[in-house]
Amino acid sequence: METKRNSFTSKIGFVFAAAGSAVGLGNLWRFPYLAAKYGGGIFLLTYIILAVTFGFTLMVAEIAIGRKTGKSAIEAYGQLNNKWGFIGKMTAIVPMIILPYYCVIGGWVTKYFSVYLLGNGSVAAGDTYFGDFISKPVEPIIWLLVYIAATAIIVMLGVEKGIEKFSKILMPVLVVLSVGIAIYTITLDGATEGVKYYFMPDFSKFSVMTVLGALGQLFYSMSIAMGIMITYGSYMPKEANIEKSVHQIELFDTGIAMVAGLMIVPSVFVFTGGDEAKLQAGAGLMFEMLPKIFDSMPFGSIIGFVFFLLVFFAALTSSISLMETVVSILRDKFNIPRIRTCLVVLVGCIILALPSSLGYGHWDGVKILGLSILDFFDFLSNSVIMPIVAFLTCIFVGFIVKPSVITNEVKLAGKFKQEKFFTVMIKYIAPFCILAILISSVLNGLGIIKI
Ligand code: PHE
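The structure presented is a predicted model; accordingly, all values stated were derived computationally and were not measured.

1. Focus on the pattern of salt bridges
Then comes step 1: Applying the stated criterion across every chain, the model contains 11 salt bridges.
Then comes step 2: Put simply, Asp 378 and Arg 30 hold a salt bridge, and the shortest N to O gap is 2.5 Å. Residue Asp 378 is found in helix H18 (residues 373-400), and its partner Arg 30 is found in helix H2 (residues 25-37); the two are separated by 348 residues along the sequence. This pair shows no difference in class: Asp 378 is buried, exactly as Arg 30 is.
Then comes step 3: By sharing partners, the salt bridges in this structure join Arg 67, Lys 238 and Glu 409 into a single network.

Printed below as a string of structure tokens:
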């Protein structure tokens, strides 16, 4: 890498930057639809338990690896033990898979933002609006291209720092607005049922798929098991407290996801009476529900406009950091100039994104393992590759470099309160559980066992 690694100047600067990367469509779009799909309260409970155990452990490990080596994932693993450098290479695949379909959803957000900008918000509240939009052959692709172009232009001009500063101001507004919308939603007629569904765990809905879904979401939302937190760690000053920072990032990320869920899941009960098919709607849920909420509220078209604009920025900072990661991986490897690399990534991203976009509309007959193309990429990265990377990271830290390498790094800034917990988790509990979840979900998927 030719750019110098400059540390975040303030300790809190690190937390903001890492939280900024963590908060994105994962929280606002992905979490609510998974919560609706996997049984509400039981998903929420599983997610929170996984966040404070697996999430905590892996995020501490990744940030410490980054800070210790001062390198990005590709080199960091290899520097600690050169036989294990392949984990770094595996992490590199994840942003390459996520970026294209992230841009498809980013395109949907851009479309909805423009609908509200033109004052057509109430049309978007119609029952068939989303379905009609997505099944058009050309329109979703145009929005996809607009969104990818916005991301690529920012990365090419190298002005992402400017956008990040801007979004740091917007992010708190998004939080406040989401809380406001969530409060509004739960006061609507029929919301009580939905709030119950969202918060009260129904253990009969629990299955291994709930755990796998929650685990994949955890990795995705917290940007772990894809090398990103290693890169962030490499910029972290030595006097900053890793343990505390991880707690803050987790709290922030999970808090926003929970609010987003509270905004969207109960609205399924308000507007459709808790229709099972709607709860299972998947990727379209946010786009189907939010316009109905805005349509029912005073000043809804203005609020909808502001909201989708803010979501657009939250998504943009994430896709910028994803694209930036892919660009720097390729540049380090092939040593080609920045602009040329950006163009290659742009073209590659468009080629990979087109099938994901079409798979929700024109090509909706095309299924891979029973999933639409976008869902397949999503499944491949979050439920297959990331758990494998997480498993390997646990083995690597637990048995190859030994947990003391990590705990000593954490202790540079003072006491590591959960040191014992961390050590037991990373050595014994996390790898075993992740492997068990992975194997049982594969057997389940192949129909060999039924869980
Ligand atoms: N964590 C981000 C989200 O929740 C997604 C992301 C992944 C962003 C990797 C940047 C890098 O949307």
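Let us keep going from here.
2. Examining the packing of helix H8 (residues 139-157) against helix H16 (residues 300-334)
Then comes step 1: Viewed as axis vectors pointing N to C, H8 and H16 meet at an angle of 60 degrees, and their least axial separation amounts to 9 Å. With respect to their mutual orientation, H8 and H16 come out oblique. As for the relative orientation of H8 and H16, their crossing is right-handed in sense. Together, Tyr 147, Ile 148, Ala 150, Thr 151, Ala 152, Ile 154 and Val 155 of H8 and Phe 312, Ala 315, Leu 316, Ser 319, Ile 320, Met 323, Glu 324 and Val 327 of H16 make up the contact between the two elements.
Then comes step 2: Residues of the contact of H8 with H16, tallied by class, amount to 12 nonpolar, 2 polar and 1 charged.

3. Quick word on the site of the ligand
Then comes step 1: Neighbouring the ligand are 15 residues; Ala 22, Gly 26, Tyr 102, Tyr 220 and Ser 221 lie closest to it.
Then comes step 2: Protein chains shield 100% of the accessible area of the ligand, which is 320 Å² for the free molecule.
Then comes step 3: Mapped by element, the contributors of at least two residues to the shell around the ligand are helix H1 (11-22), H2, helix H11 (208-221) and H16.
Then comes step 4: Here the shell around the ligand is composed, by residue class, of 7 nonpolar, 8 polar and no charged.

4. Looking at the state of the cysteines
Then comes step 1: Tallied over the full model, the rule gives 0 disulfides.
Then comes step 2: Residue Cys 349 stays outside any disulfide, its sulfur separated by 4.2 Å from that of Cys 103, the closest cysteine.
Then comes step 3: For Cys 349, a relative accessible area of 3% puts it in the buried group.

5. Topic: unusual backbone geometry
Then comes step 1: For Ser 223, which is not glycine, the phi dihedral falls at a positive 50 degrees.
Then comes step 2: Taking the relative accessible area as the measure of exposure, Ser 223 reaches 6% and is therefore buried.
Then comes step 3: Not every positive phi belongs to a glycine, and Lys 402 is a case in point at roughly 75 degrees.

6. Things to note about H8
Then comes step 1: Taking 1.5 Å per residue as the helical rise, H8 with its 19 residues ought to reach 27 Å, and the 27 Å between its terminal C-alpha atoms agrees with that figure.
Then comes step 2: When we look at burial in H8, the residues that qualify are Pro 140, Ile 141, Trp 143, Leu 144, Tyr 147, Ile 148, Thr 151, Ala 152, Ile 154, Val 155 and Met 156.
Then comes step 3: Buried residues along H8 sit in contact with helix H5 (85-117), helix H7 (129-135), helix H9 (160-186), H16 and helix H17 (338-359).
Then comes step 4: Following H8 by one or two positions, Gly 158 has its phi on the positive side, about 65 degrees.

7. A few points about the packing of H5 against H18
Then comes step 1: For the pair H5 and H18, interaxial distance at closest approach is 10 Å and the crossing angle is 155 degrees. In terms of axis orientation, H5 runs roughly antiparallel to H18. Of the two elements, H5 crosses H18, and the hand of that crossing is left-handed.
Then comes step 2: When grouped by side-chain class, the residues that make up the contact of H5 with H18 number 19 nonpolar, 4 polar and 1 charged.

8. Looking at the nonpolar core
Then comes step 1: Trp 29, Trp 108, Phe 287 and Phe 308 are the most contacted members of the largest nonpolar core, which has 152 residues in total.
Then comes step 2: Sorting elements by how many residues they give to this core places H5 first, with 17 residues.
Then comes step 3: Leave out the neighbours within four places in its chain, and Phe 308 touches Val 109, Tyr 112, Phe 113, Tyr 116, Met 286, Phe 287, Leu 290 and Phe 294.

9. Looking at the side chain of Arg 30
Then comes step 1: What makes Arg 30 buried here is its relative accessible area of 4%.
Then comes step 2: With residues near it in sequence (within four places) discarded, Arg 30 still touches Leu 25, Gly 216, Gln 217, Tyr 220, Asp 378 and Asn 382.

10. Observations concerning the packing of aromatic side chains
Then comes step 1: Evaluated as defined, the whole model comprises 32 aromatic pairs.
Then comes step 2: With a centroid separation of 6.0 Å and an interplanar angle of 90 degrees, the aromatic rings of Tyr 112 and Tyr 129 are classed as edge-to-face. Of this pair, Tyr 112 sits in helix H5 while Tyr 129 sits in helix H7, placing them 17 residues apart in sequence.
Then comes step 3: A relative accessible area of 0% means that Tyr 112 is categorised as buried.
Then comes step 4: When its relative accessible area of 17% is taken as the criterion, Tyr 129 is described as buried.

11. A short note on H11
Then comes step 1: Over its 14 residues, H11 extends 20 Å from the first C-alpha to the last, a length consistent with the 20 Å expected when each residue adds 1.5 Å.
Then comes step 2: The buried count for H11 comes to 13 of 14 residues, which makes it a mostly enclosed element.
Then comes step 3: Within two residues after H11, Ser 223 carries a phi angle of roughly 50 degrees, on the positive side.

So, how was this worked out
Residues numbered from 1 in each chain as written. Predicted model: local features only at pLDDT ≥ 70, side-chain atom pairs only at ≥ 80, totals over all residues. Heavy atoms only, no water. Salt bridge = Lys/Arg side-chain N within 4 Å of Asp/Glu carboxyl O. Helix = DSSP H or I, 4+ residues; strand = E, 2+ residues; numbered from the N terminus. Buried < 20%, exposed > 50% of the residue type's maximum accessible area, 1.4 Å probe, protein only. Axes fitted to C-alpha atoms, helices over the stretch in contact; angles between N-to-C directions. Parallel < 35°, antiparallel > 145°, perpendicular 65-115°, else oblique. Left-handed = near helix turned anticlockwise from the far one by under 90°. Contact = heavy atoms within 4.5 Å. Nonpolar A, V, L, I, M, F, W, Y, C, P; charged D, E, K, R; others polar. Near = heavy atom within 4 Å. Areas by Shrake-Rupley, 256 points an atom, 1.4 Å probe, with all protein chains shown as cover. Disulfide = S-S within 2.5 Å. Expected span 1.5 Å × (residues − 1). Core = buried A, V, L, I, M, F, W, Y, C linked by side-chain atoms within 4.5 Å. Phe/Tyr/Trp six-rings, centres within 6.5 Å; stacked < 30°, edge-to-face > 60°.

Just geometry here; none of it tells us what the structure is for.
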